[in-house]
Amino acid sequence: MAHLNNKTHGLRSWMDQLNKAELSAMAVVVHDLLRLSQSATASVRQLADVLMRDASLTSKVLRVSNSVYCNPGREVVRTISRAVVVVGFDQVRMIGLSVSLLDGLLRDSPREQLQSLLARSFHGAVQARNLAQHISQQQKEEVFIATLLLNLGELAFWSHGGKQAEELASALAEPDADREKVVKRVLGTGFEQLTIGLLKSWNMGEIGQLIQASQSQRGPAALAVALGSELADAVASHGWTSAQVQELIAPVAGLIGVEPEQAWQQLVASGDEAVRVAGTCANSDLKAWIPRTDDLPLDLSALLQADHSTPPAPSATTLLSEPAEPLLQPDLELLKLSLQNLRLMARTAVDVESALSTVMQAVHRGAGFERVMLAVLAERQTRFKARKVAGKGSQQWLENFNLTNLDASPQLFSHALQQREMLYFGPQSKERLGSLMTEPLLELIGSGPCVVAPVWAGTRQVGVLYADMRLSGREPAELQLSAFGKAAELAGLALQRLSQARN
């Protein structure tokens, strides 16, 4: 239908108007980045070519790549190719997608309805993408975009609707307004029809199909889109602790195959991630529209609040000779960022030093272990030698850590590596593991609780990751041990990916 009284009315008219806006340019970038995500042979050059078409987009991608969220080591990134090395190919592509979509929609209109809806859409997209990682790595970006664009028609209207947007806002504010009927009267079409129409005109019909499938939850990817969107809507409307949010935990757990408590933890972590990324990628204060998890009464920071055993009382001599230092505590935010970066490194090869530094950061400053060491096999795999260390007093290991690795004289390190088993040596395991704490090992690390985990790069033995709380005498909490094990596992995957890239 044509314009009525100089107003845009009907699906075709609205599509024509919106496609004349800068949204169509945004759609080209999104389409090309999505095409790269679907290609097994996509190169860094192709990614750079897409991002560098627009100097503003390039600048914003580099700004985000230098942020603490994507680059906690704060290594300076000045080019797209360097961003791929430091942050990862997939992450840079996702930054490009997020910046393009958010900037394209928010550029001309800070309207409250737009920011509120876009914040919900972005939160839902992050939730859905993280759910999709458990289902299909190949579809996670499609799931992200489908969830973000689930309300594209409405987003585009609030962004470029002009006076008719004001008219609709006033009509919807009336008591007992029937939303669907009011939208149809003002626009001459529905938001869902406008969404599908725009996606088709932008050659993104597959995303439109995924959106339509999500309405009936046909297939795992469509269910991830539906659950991510429902979760974000429920949080925005009712809060994190509402019954509406709690009802979604069981279906989420069923989709990704974990216990409800783990599903809840992932949802909360994804909510935190959405706040950080929105604050990094968007020029407006979009993150303020996403409800935060800070005030949740549930134990969302168990790692930070873990009940560490009291350290032994210092002697009078120690008190007189050395000023007391604050005890190292886990940094949950840094731990999540470090583990996320290691997951990226497991998919996109980076240099060895960056990978090992991230492992040290995750275990030492993230999980809160006071001394950390990666001991690698050397001299034809007959000895363990320190390759990377972190923590007070650990530097000496780089010079003097030299431990025999012979079948005839097994010890904690060699046993963990051969059995591919993380071993915690503490009060409860002294009887079982005591014989593996040999004199040569004790001379190098001292006595007391410690944990060691094997590091394998595929079928190749690399060495072991070691950590302890020797400086304070505390025992690590269960969640610290869990984080340590995950870091060791991801270290092996990152080194395997690096080895594959070199061959």
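Residues numbered from 1 in each chain as written. Predicted model: local features only at pLDDT ≥ 70, side-chain atom pairs only at ≥ 80, totals over all residues. Heavy atoms only, no water.

Overview of the confidence of the model for the protein chain
1) Next: Of all residues in the protein chain, 89% have pLDDT values of 70 or greater, and the mean over the chain is 84.
2) Next: Predicted confidence for residues 1–5 stays below pLDDT 50, and this span has nine contacts to residues more than four positions away or in other chains.
3) Next: Below a pLDDT of 50 lies the segment residues 297–322, which in the model reaches 33 contacts outside its immediate sequence neighbourhood of four places, other chains included. (pLDDT = per-residue confidence, 0-100. Contact = heavy atoms within 4.5 Å.)

A word on the pairing of strand β5 (residues 450–457)
1) Next: Counted residue by residue, β5 has eight buried out of eight residues, so it is predominantly covered.
2) Next: Here β5 shows no split at all, with C450, V452, P454 and W456 on one side and V451, A453, V455 and A457 on the other all buried.
3) Next: In terms of strand pairing, strand β4 (residues 423–425) meets β5 through three bridges, oriented antiparallel. The partner of Y424 across the bridge, within β5, is V451.
4) Next: In terms of strand pairing, β5 meets strand β6 (residues 460–468) through eight bridges, oriented antiparallel. Residue pairing across strands places A457 opposite R460, the latter belonging to β6.
5) Next: From the end of β5 to the start of β6, which pair antiparallel, there are two residues, and G458 there has a positive phi angle of about 70°. (Buried < 20%, exposed > 50% of the residue type's maximum accessible area, 1.4 Å probe, protein only. Helix = DSSP H or I, 4+ residues; strand = E, 2+ residues; numbered from the N terminus. Pairing = 2+ DSSP bridges.)

Describing helix α7 (residues 112–132)
Residues spaced three or four apart along an α-helix face the same direction, because each turn holds 3.6 residues.
1) Next: With 21 residues, α7 extends 30 Å between its outermost C-alpha atoms, agreeing within 8% with the 30 Å of an ideal straight helix rising 1.5 Å per residue.
2) Next: For α7, the buried fraction is high: 17 of the 21 residues fall into the buried class. (Expected span 1.5 Å × (residues − 1).)

Some thoughts on the pairing of β6
A regular strand places its side chains on the two faces of the sheet in alternate fashion.
1) Next: Among the nine residues of β6, eight are classified as buried, and the element is accordingly described as predominantly covered.
2) Next: Pairing analysis gives six bridges linking strand β1 (residues 371–378) to β6, with the strands arranged antiparallel. By the bridge assignment, V376 is partnered in β6 with G463.

Things to note about the pattern of salt bridges
1) Next: A full pass over the atoms with the stated rule returns 18 salt bridges.
2) Next: One salt bridge in this structure joins D49 and R45, with 3.3 Å as the shortest N-O distance. One end of the pair is D49 and the other is R45, both in helix α3 (residues 44–51) and four residues apart, which spans about a single turn.
3) Next: The class for R45 is exposed, based on a relative accessible area of 53%.
4) Next: When the shortest N-O distance is used, the salt bridge between R474 and E370 registers 2.8 Å. Remark: E370 occurs in the loop between α20 (352–366) and β1 and R474 occurs in the loop between β6 and α25 (478–502); sequence separation between them is 104 residues.
5) Next: Assessed through its relative accessible area of 3%, R474 is described here as buried.
6) Next: Among the residues examined, E370 registers a relative accessible area of 5% and is labelled buried.
7) Next: One salt-bridge network, in which partners are shared between bridges, spans D32, R35 and R53. (Salt bridge = Lys/Arg side-chain N within 4 Å of Asp/Glu carboxyl O.)

A few points about the environment of H160
1) Next: With respect to the helices and strands, H160 occurs in helix α9 (residues 152–160).
2) Next: Overall, H160 belongs to the buried group, its relative accessible area being 18%.
3) Next: In this structure the C-alpha to C-alpha distance between H160 and A21, which are 139 residues apart in sequence, comes to 7.7 Å.
4) Next: Here the side chain of H160 touches S159 through a polar contact of 3.0 Å, side chain to side chain. (Polar contact = N/O pair within 3.5 Å; in protein donor to acceptor, adjacent residues only side chain to side chain.)

A closer look at unusual backbone geometry
1) Next: Residues other than glycine seldom take positive phi values, yet N203 does so here, at roughly 60°.
2) Next: Within the secondary structure, N203 sits in the loop between α12 (191–201) and α13 (205–216).
3) Next: Take N203: its relative accessible area is 60%, and that puts it in the exposed class.

What to know about the packing of aromatic side chains
1) Next: Applying the stated rule across the entire model yields ten aromatic pairs.
2) Next: Relative to W264, the ring of W240 lies with its centre 5.9 Å away and its plane at 80°, an arrangement referred to as edge-to-face. Of this pair, W240 sits in the loop between α14 (220–238) and α15 (243–246) while W264 sits in helix α17 (residues 260–281), and the two are 24 residues apart along the sequence.
3) Next: Overall, W240 belongs to the buried group, its relative accessible area being 4%.
4) Next: Judged by centre distance (5.9 Å) and plane angle (80°), the ring pair of W397 and Y466 falls under edge-to-face. (Phe/Tyr/Trp six-rings, centres within 6.5 Å; stacked < 30°, edge-to-face > 60°.)

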